[in-house]
Amino acid sequence: MSATPASTPAIALKGVSRRFTDPGGGEVGVRTTDLVVPQGEIHGIIGFSGAGKSTLLRLANLLERPDAGEVIVHGQNLTRLSAAGLRQARHRIGMIFQHFNLLHNQTVAENVALPMRIAGASPAHIKKRVATCLDFVGLAAKADVYPGRLSGGQKQRVAIARALAPEPHVLLADEPTSALDPRTTLDLLDVLADANRQFGVTILLVSHEMEVVRRLCHRVSVMEGGRIVEQLDIANGAIPEGSRLASWLADFGAVGPAASPSPTQSEAAAPAPHHFALEAAHA
Ligand SMILES: Nc1ncnc2c1ncn2[C@@H]1O[C@H](COP(=O)(O)OP(=O)(O)OP(=O)(O)O)[C@@H](O)[C@H]1O
Ligand SMILES: [Mg+2]
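Please read these numbers as outputs of a predicted model, since none were measured by experiment.

Undergrad: I'm lost on helix H5 (residues 152-164) in this one. Help?
TA: Taking 1.5 Å of rise per residue, the 13 residues of H5 would be expected to cover 18 Å, and the 18 Å separating its terminal C-alpha atoms lies within 8% of that figure. Within H5, 10 of the 13 residues are buried, which leaves it mostly tucked inside the rest of the structure. Three or more residues of H5 are buried, namely Lys 155, Gln 156, Arg 157, Val 158, Ala 159, Ile 160, Ala 161, Arg 162, Ala 163 and Leu 164. Packing partners of the buried residues in H5 comprise strand E6 (93-96), helix H3 (108-118), helix H4 (123-136), strand E7 (170-174) and helix H6 (182-199).

Listed below in structure tokens is the structure:
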């Protein structure tokens, strides 16, 4: 899909920081941090509420501009681009959100078409991509329906189709399943895993749900106080013993049998996604 050499990381955040001042005068946000996500990886970001997960994710498409450091996506240094260059680069970076962010006065097909329309794609190309992507997420029959008539899971499928339509290199997902029930969450994880396998799209995903990260991700970064404090390979579904993440899970009484390594094997016997309950522990 990409003309970029396979060895070029999909995402390289180099020494990025984005600091805010909290009401008490303390510094919060993202402290100087590096993150490299290879092409084709599904990378999870997990941590306490306020750890800086969403800020880090938003640095990857410059929705948040870093105070320092560089953001390089598929070899292109976004921090050095003009406004027009950045708009162009963002066409290859899809994003999905917890609350779907669909336009309610536009049909499903119009919602999926929107980013391509903004990018100036031809009507024939848009029509083809809308059909392909709605078919991919299993919603071809809903093309002319308005989002108000869809379930939460269907709305998130539309959002995924919209994000995939411009053929992105990278998909950024901020808590994409938090508003969904456990069954629907598993279905959505399958859609995201299929997008990764079929289109080779790299996924960077923030989640509070340990099961989401464990089922979907190849690697996970654990954030604390604005920094990545641990990175783990979890492609086999296991959390390495002795890791910070393992001890957290033990502290929260959440250690159980490792989940199935493959989302495609996750069907009937799947436990409900485990909410990490990090906010409660943090308070
Ligand atoms: N635009 C902003 N202005 C001021 N402070 C901000 C802003 N965005 C984030 N912060 C602060 O930076 C810190 C990290 O926020 P962030 O949203 O990245 O956390 P998070 O890990 O995603 O948390 P959650 O799990 O609750 O979504 C928080 O203390 C937050 O209040
Ligand atoms: Mg967040």
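Undergrad: How should I be thinking about the nonpolar core in this particular structure?
TA: Side chains of nonpolar character tend, in soluble globular proteins, to be buried together. Membership of the largest hydrophobic core comes to 71 residues, with the highest contact counts inside it found for Ile 11, Val 112 and Ala 161. In this structure Val 112 touches Val 130, Cys 133, Leu 134, Val 158, Ala 161, Arg 162 and Ala 165, once residues within four positions along its chain are discounted.

Undergrad: Help me out: how do you make sense of H3 in this one?
TA: An α-helix turns once every 3.6 residues. As a result, residues three or four positions apart point the same way. Of all the residues in H3, the buried ones are Val 108, Ala 109, Asn 111, Val 112, Ala 113, Pro 115 and Met 116. Check the buried side of H3 and you find it contacts H4 and H5. Just beyond H3, the residue with positive phi is Gly 120, at close to 85 degrees.

Undergrad: Before we go on, may I ask you to explain the site of ligand 1 in this structure?
TA: Around ligand 1, a shell composed of Phe 20, Asp 22, Val 28, Gly 29, Gly 47, Ser 49, Gly 50, Ala 51, Gly 52, Lys 53, Ser 54 and Thr 55 is seen. Among the secondary structure elements, those contributing two or more residues to the shell around ligand 1 are strand E2 (27-37) and helix H1 (53-59). Ranked by residues supplied to the shell around ligand 1, first place goes to H1 with three residues. Here the shell around ligand 1 is composed, by residue class, of three nonpolar, seven polar and two charged.

What counts and how
Residues numbered from 1 in each chain as written. Chains lettered and ligands numbered in written order. Predicted model: local features only at pLDDT ≥ 70, side-chain atom pairs only at ≥ 80, totals over all residues. Helix = DSSP H or I, 4+ residues; strand = E, 2+ residues; numbered from the N terminus. Expected span 1.5 Å × (residues − 1). Buried ≥ 20, exposed ≤ 12 C-beta atoms within 10 Å, placed from the backbone. Contact = placed C-beta atoms within 7 Å. Core = buried A, V, L, I, M, F, W, Y, C linked by C-beta atoms within 7 Å. Near = placed C-beta within 6 Å. Nonpolar A, V, L, I, M, F, W, Y, C, P; charged D, E, K, R; others polar.

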